[in-house]
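Here's the letter readout for the chains.
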Amino acid sequence: MQVQFTVNGRAASVDVPPNTLLVHALREHLQLTGTHVGCDTSQCGACTVHVNGRAVKSCAMLAVQAQGADVQTIEGLAAPDGTMHPMQAAFKECHGLQCGFCTPGMVMSAVDLCKNHPSASEGEIRELLEGNICRCTGYQNIVRAVQQGQKAMAASA
Amino acid sequence: MGASDFSNLPHIGESVRRKEDYRFLTGAGQYTDDVVLAAQSHAVFVRSPHAHARINSINIDAAKAAPGVLGVFVGADVAADSINGLPCGWLITSTNGEPMKEPPHPILAQGKVRYVGDHVAMVVAHTQQQARDAAELVEVDYDVLPAVVNVADAAAGAVAGAGLHDIAPDNHCFKWAIGDKGAVDAAFANAAHVTKLDLVNNRLIPNAMEPRAAIGSYNRASDEYTLYVSNQNPHVERLLMTAFVMGLPEHKVRVIAPDVGGGFGSKIYLYAEDVCLTWASKKLNRNIKWVADRSEAFLSDAHGRDHVSHAEMAMDKDGKFLALRVHTDANLGAYLSTFASAVPTILYATLLAGQYSTPQVYVEVDSWFTNTAPVDAYRGAGRPEATYLLERLVTRCAWEMGLPQDEIRRRNFINSFPYQTPVALQYDTGDFFACMDGANKLADVAGFEQRKAASAAKGMLRGIGYSSYIEACGIAPSNIAGALGARAGLFECGEVRVHPTGSVTVFTGSHSHGQGHETTFAQVVAARLGIPVDNVDIVHGDTGRVPFGMGTYGSRSISVGGAAIMKALDKIEAKAKKIAAHLMEASDADIDFAGGEFSVRGTDKKIPFAQVSLAAYVPHNYPLDVLEPGLNETAFYDPTNFTFPAGTYICEVEIDPATGSTRVDKFTAVDDFGTIINPMIVEGQVHGGLVQGIGQAMMENCVYDRETGQLLTGSFMDYAMPRADDFPEFKLGHVCTPCTHNPLGTKGCGEAGAIGSPPAVINAVLDALRPLGVKDFDMPASPHRVWEAIQSAKA
């Protein structure tokens, strides 16, 4: 099936079998391999992208459901000149990543979290990150990064 | 250069932000599944649905005829090509002098399957979907056999007909012991008090976030293989695969472990899939990719822990330890994984002296095959099992002797170094009292009673738990490891390539899968050479680029891999001084090197590092008669001892007695890692280790059905993974007694959190539940289990 959508600001068109998940369309048909697959039960959140401005687990959605949608992946988050988004910069500054595998999903969730909950407390941030599993960092520096990214996003809004 | 000089260099002790982060944060990491080779085909494995069964026949006709299928491989094909089974890298000798039982570990089942997930067939097709569909068509006729799952059942011979291997019909792999049994028994006979404890160290599933993945590739023109694999030690992988399994010339095989999404031990090993893909890539002349589903990872990654133990401590009337006696039954799973036999022996029992001057220790270990996934090293590997046992026992000793948890530890701490334990290790240095004092202060133990009263006012129970761990890291002096049964060396390599303009590329045998070597190692080089950190790049994870190295596990990277780089830098510095001496017309002996400049002692003559490197590669004014051009040095470093990180952890839990719901309210960790190069990275390692250790104590638990051997916790829906809201903010502190025998003074920090934390948590749970009469408790402290413990104490 032909799916036409916008990915990272550009028109994209993929021809995929109808049972193709959005994550596989992104990874295998558009070579956007920054979005990762960490589980098969929609638990880990490594595949989180934005669809029409909302964080979505792209393993829990068919590619055809993205017909006409505006999809943003981790590759589209930095500025065109490569300058990182404030949330990406906060993750680096606060050491909110180690192996980097959960990171793209974690960052995409964090951006959505801060848009919708600009004044979330530490405890609320921890709760709101429940859909993303990280095995390396122990979450402490991720939470710090989200707090810092939250401030930076508020300042640049 | 000595450790104290090193620790004073610029960049050492500086939280340099990570060089690797930009690619990970922008989606540009290259994990194995992100690598796409030309005309890449896909493999899917047909796995056993039974824990134990005889294979009567396998019919692959329908699968072979399915759309897109390129090949279907079964055990008979493996046998026809004389592919050997997977080797075990550590020989343990039983107390009766017999070698451990080493049954074959075939890459595809030979007549029998021995755990749910065991490899039966491999289907290769153009697309992954085609391979999956065809795998469904492989028909296997099984005779199901009785399965033994629990190690206690295996030890008791409780299941008739559940002998897994002909070579070990009673499923016993080895009985191993360490220590002086006679002296221990004598000490027990004279003890004022003996404290006893039975405990279970629950089985865990490592669950690195990147599932295992590999691509086998073969080039017919050059007769060369390339294996991309999510792995912690590509040279070890290559050596085992070529020399022991496939009989391939080592120089014709390149193993690349690109970005690796976490390992925690589970990616040390040579797995059947890696060999199958390499083998089939030549047979089909195709590039073949396999990526584990998470469900597949649950079934087939090597698991961790799974011990059942009985421990006894003999004390005098003041709570001074006289002797420790331990018996452990260890579950090895269905086959011997790469380092499985070392985990419950060398890496476990040798740590049972802990931080204490217990004069006599005797440990006996029986290990057993069961119809479960192979068990091998998982973050800490033997040392968490030792620490859990000892620190649970020590806290129980305290309670039985009427002493505070910290006091009994202080009464028994080792207080002078070097210290020879009764179980083989010699600790070079440490300050256990300082760690305890620091932890008590940071955890505000003085305010505990007040917090406990506040909890009680809410109807909640509060408990405090201690754990003082020590671990042996920086594995290992190769000759000692060899004498203990290791079938590999345990050195590390480092190559420092100085470019003509003075920037540097380092090739290390260590492998980073999250630890930040690209930054920490660059700091070491930048500090030594007086150049910016950005002028140093670290290359790792590719046998085609890096000299033979042993890889990353056992918190060894900085202490062994970093030390190898230091040795290479010594050679660089020595040669560069000769070049500088020539350029400045001085004697070698008069040249000083500091801050990136060579100077002639007693004069104002000096030249920068880059001028020397340029001269090395443009040797016009150069002592060519006595010195080779170039500035490129390689060193191999073999440590003279283990390193011994140690610390004290304090946990406070709050429990709702009505529901059993248990919350870790405070957690404090004070560690002694020796010299710290990048505090930010070290603290990140501790945080991660703590969450894995507290995860084991609070929620993680691998459960197989006791009769059928089906994995009941086979997904993230059933296996509780720690999440962000399960933890408070950790409080960390540090003590520094530099390691005395490596040039950096470092000890390693990767596993401490996972080693030290479980007993602190469970001691806290027991402290909270003690007033209700709860005496025993096994991990994990899920609400249900805590509630049950409360109810049974009431009854």
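Cut-offs applied
Residues numbered from 1 in each chain as written. Chains lettered and ligands numbered in written order. Predicted model: local features only at pLDDT ≥ 70, side-chain atom pairs only at ≥ 80, totals over all residues. Helix = DSSP H or I, 4+ residues; strand = E, 2+ residues; numbered from the N terminus. Rg over C-alpha atoms; globule rule 2.2 N^0.38 Å. Contact = placed C-beta atoms within 7 Å. Buried ≥ 20, exposed ≤ 12 C-beta atoms within 10 Å, placed from the backbone. Expected span 1.5 Å × (residues − 1). Nonpolar A, V, L, I, M, F, W, Y, C, P; charged D, E, K, R; others polar. Domains from an automatic or database assignment. Pairing = 2+ DSSP bridges. Axes fitted to C-alpha atoms, helices over the stretch in contact; angles between N-to-C directions. Parallel < 35°, antiparallel > 145°, perpendicular 65-115°, else oblique. Left-handed = near helix turned anticlockwise from the far one by under 90°. Core = buried A, V, L, I, M, F, W, Y, C linked by C-beta atoms within 7 Å. pLDDT = per-residue confidence, 0-100. Right-handed = clockwise from strand over helix to strand, strands pointing away.

Peer 1: How would you summarise the overall build of chain A if you had to cite specific residues and measurements?
Peer 2: Within chain A one finds five helices and five strands. Counting from the amino terminus, helix and strand elements in chain A follow one another as β-β-α-β-β-β-α-α-α-α. Its C-alpha atoms give chain A a radius of gyration of 15 Å, near enough to 15 Å, the size a compact globule of 157 residues would have. By principal-axis analysis of the C-alpha atoms, chain A measures approximately 45 × 30 × 25 Å. Put simply, of all contacts in chain A between residues at least 6 apart along the chain, 61% involve residues at least 24 apart.

Peer 1: Tell me about the overall build of chain B, residues and numbers included.
Peer 2: When its secondary structure is counted, chain B shows 21 helices and 28 strands. Whereas a compact globule of 795 residues would reach a radius of gyration of roughly 28 Å, chain B reaches 27 Å, a difference of no more than 12%. Expressed along its principal axes, the backbone C-alpha trace of chain B runs to roughly 90 × 75 × 50 Å. Considering chain B as a whole, with its 795 residues, one finds that 59% of them fall into the buried category. A separation of at least 24 residues holds for 80% of the contacts in chain B among residues at least 6 apart in sequence.

Peer 1: Quick one: what's the story with helix α3 (residues 103-116) of chain A, residue by residue and with numbers?
Peer 2: Taking 1.5 Å per residue, 14 residues should reach 20 Å; α3 of chain A reaches 20 Å between its end C-alpha atoms and fits that length. For α3 of chain A, the tally of buried residues reaches eleven of 14 residues, placing the bulk of the element in the interior. Within α3 of chain A, the full set of buried residues consists of Thr103, Pro104, Gly105, Met106, Val107, Met108, Ser109, Ala110, Val111, Leu113 and Cys114 of chain A. Along its buried surface, α3 of chain A packs onto β3 (48-51), β4 (54-57), α2 (86-93), α4 (122-128) and α5 (140-156) of chain A together with α2 (21-25) of chain B.

Peer 1: A description of the interface of chain B and chain A should follow, citing residues and the corresponding values.
Peer 2: On the chain A side, the residues contacting the 41 residues of chain B number 43 residues. Listed by contribution, the elements that provide at least two residues to the side of chain B that touches chain A are α2, α10 (294-300) and α19 (679-698) of chain B. If you tally residues by element for the side of chain B that touches chain A, the top one is α19 of chain B, at seven residues. Tallied by class, residues from the side of chain B that touches chain A come to 17 nonpolar, 13 polar and eleven charged.

Peer 1: Pulling in residues and values, what's your account of the domain arrangement of chain A?
Peer 2: Residue and element names in this part refer to chain A. On domain assignment, one finds that chain A holds domain 1 (2-76) and domain 2 (86-156). The centre of domain 1, based on its C-alpha atoms, is set 21 Å off from the matching centre of domain 2. Opposite the 15 residues of domain 1 that make contact, domain 2 presents eleven residues. Of all the secondary-structure elements, those providing two or more residues to the side of domain 1 that touches domain 2 are β3 and β4. Considering every element that reaches the side of domain 1 that touches domain 2, the biggest residue donor is β3, with three residues.

Peer 1: How would you sum up the domain arrangement of chain B? Please name residues and give values.
Peer 2: Residues and elements named next belong to chain B. Per the domain assignment, the segments of chain B are domain 1 (3-29 + 491-637), domain 2 (32-145 + 208-300), domain 3 (147-200 + 303-404) and domain 4 (428-475 + 642-795). Spacing between the C-alpha centres of domain 1 and domain 4 amounts to 38 Å. Between domain 1 and domain 4, the residue contacts involve 23 residues of the former and 24 residues of the latter. When contributions to the side of domain 1 that touches domain 4 are tallied by element, the ones reaching two or more residues are α1 (3-7), α16 (517-529) and α17 (557-583). Per element, the largest residue contribution to the side of domain 1 that touches domain 4 is six residues, and it comes from α17. Considering only residue class, the side of domain 1 that touches domain 4 consists of nine nonpolar, twelve polar and two charged.

Peer 1: Could you give an account of the pairing of strand β20 (residues 504-508) of chain B, naming the residues involved and the relevant values?
Peer 2: All names here are of chain B. With four of five residues buried, β20 is to be regarded as a mostly interior element. Note: strand β19 (residues 492-498) against β20, five bridges, orientation antiparallel. Bridge pairing in β20 links Val498 to Val504. Pairing geometry for β20 and strand β21 (residues 536-539), over four bridges, is parallel.

Peer 1: Hey, could you go over the sheet that holds β4 of chain A for me, with residue numbers and the actual values?
Peer 2: Residue and element names in this part refer to chain A. One open sheet accounts for five strands, arranged β2-β1-β5-β3-β4; its pairing is mixed. If you trace the sheet from one side to the other, it starts and ends with β2 (10-15) and β4, each paired once. Pairs of neighbouring strands in the sheet enclose a mean axial angle of 40 degrees, with direction left out of account. Note: strand β1 (residues 2-7) against strand β5 (residues 70-72), two bridges, orientation parallel. Paired with Val7 across the bridge in β5 is Val71.

Peer 1: Before we move on, can you summarise unusual backbone geometry with the specific residues and values?
Peer 2: Between Phe417 of chain B and the following residue, Pro418 of chain B, the backbone shows a cis peptide bond with an omega angle of 0 degrees. Looking at the secondary structure, you find Pro418 of chain B in the loop between α12 (405-412) and β16 (419-420). The step from Met779 of chain B to Pro780 of chain B runs through a cis peptide bond, and the omega angle for that step is 0 degrees. Following the sequence through the fold, Pro780 of chain B ends up in the loop between α20 (752-769) and α21 (783-794). In this model, Ser42 of chain A sits at a positive phi of 55 degrees, which is unusual for a non-glycine residue. Within the secondary structure, Ser42 of chain A sits in the loop between α1 (22-29) and β3.

Peer 1: Account for the packing of α19 of chain B against α20 of chain B, naming residues and giving values.
Peer 2: Residue and element names in this part refer to chain B. At a minimum axis separation of 7 Å, α19 and α20 run at an interaxial angle of 40 degrees. In terms of orientation, α19 and α20 fall into the oblique class. Judged by the twist between their axes, the crossing of α19 over α20 is right-handed. Taken together, the residues of α20 that come into contact with α19 (itself represented by Val686, Gly688, Gly689, Leu690, Gln692, Gly693, Ile694, Gln696, Ala697 and Met698) are Ala752, Gly753, Ala754, Ile755, Gly756, Ser757, Pro758, Val761 and Ile762.

Peer 1: So what's going on with the sheet that holds strand β2 (residues 53-59) of chain B? Which residues, and what values?
Peer 2: Within a beta sheet, neighbouring strands are joined by backbone hydrogen bonds and run either parallel or antiparallel to one another. All names here are of chain B. In space, the three strands of this open sheet follow the order β4-β2-β6, with antiparallel pairing throughout. Across the chains shown, the open sheet's two edge strands, defined by having one partner strand only, are β4 (112-113) and β6 (139-144). When β2 meets β6, the two strands line up antiparallel, connected through six bridges. Residue pairing across strands places Ser57 opposite Asp141, the latter belonging to β6.

Peer 1: So, the nonpolar core: which residues are in play, and what are the values?
Peer 2: A general feature of soluble globular proteins is that nonpolar side chains tend to end up buried together. Counting residues in hydrophobic clusters, the biggest one holds 310 residues, and the most contacted among them are Ala121, Val123, Leu352, Val525 and Val761 of chain B. Sequence-distant contacts of Ala121 of chain B, that is, excluding residues within four places in its chain, are made with Val46, Ile58, Ile60, Val72, Phe73, Val74, Leu108 and Val138 of chain B.

Peer 1: Describe the environment of Ala121 of chain B, and please don't skip the residues or the numbers.
Peer 2: For Ala121 of chain B, the position within the fold is in strand β5 (residues 119-125). For Ala121 of chain B and Cys276 of chain B, which are 155 residues apart along the polypeptide, the C-alpha to C-alpha distance reads 9.7 Å.

Peer 1: Give me the confidence of the model for chain B: which residues, what numbers.
Peer 2: Taken as a whole, chain B shows an average pLDDT of 97; of its residues, 100% reach a score of 70 or greater. Model confidence for the complex is summarised by a pTM of 0.97, with the ipTM given as 0.99.

Peer 1: Quick rundown of helix α8 (residues 234-246) of chain B? Include the residues and the values.
Peer 2: Residue and element names in this part refer to chain B. Of all 13 residues in α8, ten are buried; the element is thus mostly enclosed. Among the residues making up α8, those that are buried are Pro234, His235, Val236, Glu237, Arg238, Leu239, Leu240, Met241, Val245 and Met246. As for α8, its buried residues are in contact with β10 (224-229), β11 (253-256) and α9 (272-283). Of the residues flanking the end of α8, it is Gly247, one or two places downstream, whose phi is positive at about 65 degrees.

Peer 1: Explain the pairing of strand β27 (residues 662-672) of chain B to me, and be specific about the residues and the numbers.
Peer 2: Looking down a regular strand, the side chains alternate between one sheet face and the other. Residue and element names in this part refer to chain B. Judged by how many residues are buried, β27 sits mostly within the fold: nine of eleven residues are covered. Pairing geometry for strand β26 (residues 646-655) and β27, over ten bridges, is antiparallel. Looking across to β27, one finds that Tyr649 is bridged to Ala669. Joining the antiparallel neighbours β26 and β27 is a turn of six residues, in which Gly660 adopts a positive phi near 80 degrees. Both β27 and strand β28 (residues 731-735) contribute to a ladder of five bridges, which runs parallel. Its bridge partner lying in β28, Val670 is registered against Gly733. In the classification by handedness, the crossover that spans β27, the intervening α19 and the parallel β28 is right-handed.

Peer 1: How would you explain the environment of His36 of chain A if you had to name every residue and give the values?
Peer 2: All names here are of chain A. By secondary structure assignment, the location of His36 is in the loop between α1 and β3. Taking the C-alpha atoms as reference points, His36 and Thr48, twelve residues apart in sequence, are found 8.2 Å from one another. When sequence neighbours within four positions are dropped, the list of residues in contact with His36 reads Ala46, Cys47, Phe101, Pro104 and Gly105.

Peer 1: Quick one: what's the story with the environment of Asn763 of chain B, residue by residue and with numbers?
Peer 2: Residue and element names in this part refer to chain B. Inspection of the secondary structure assignment puts Asn763 in helix α20. Taking C-alpha positions, Asn763 is 8.3 Å from Cys651, a pair spaced 112 residues apart along the chain. With residues near it in sequence (within four places) discarded, Asn763 still touches Glu391, Arg392, Thr395, Gln405, Gly465, Tyr466 and Ser467.

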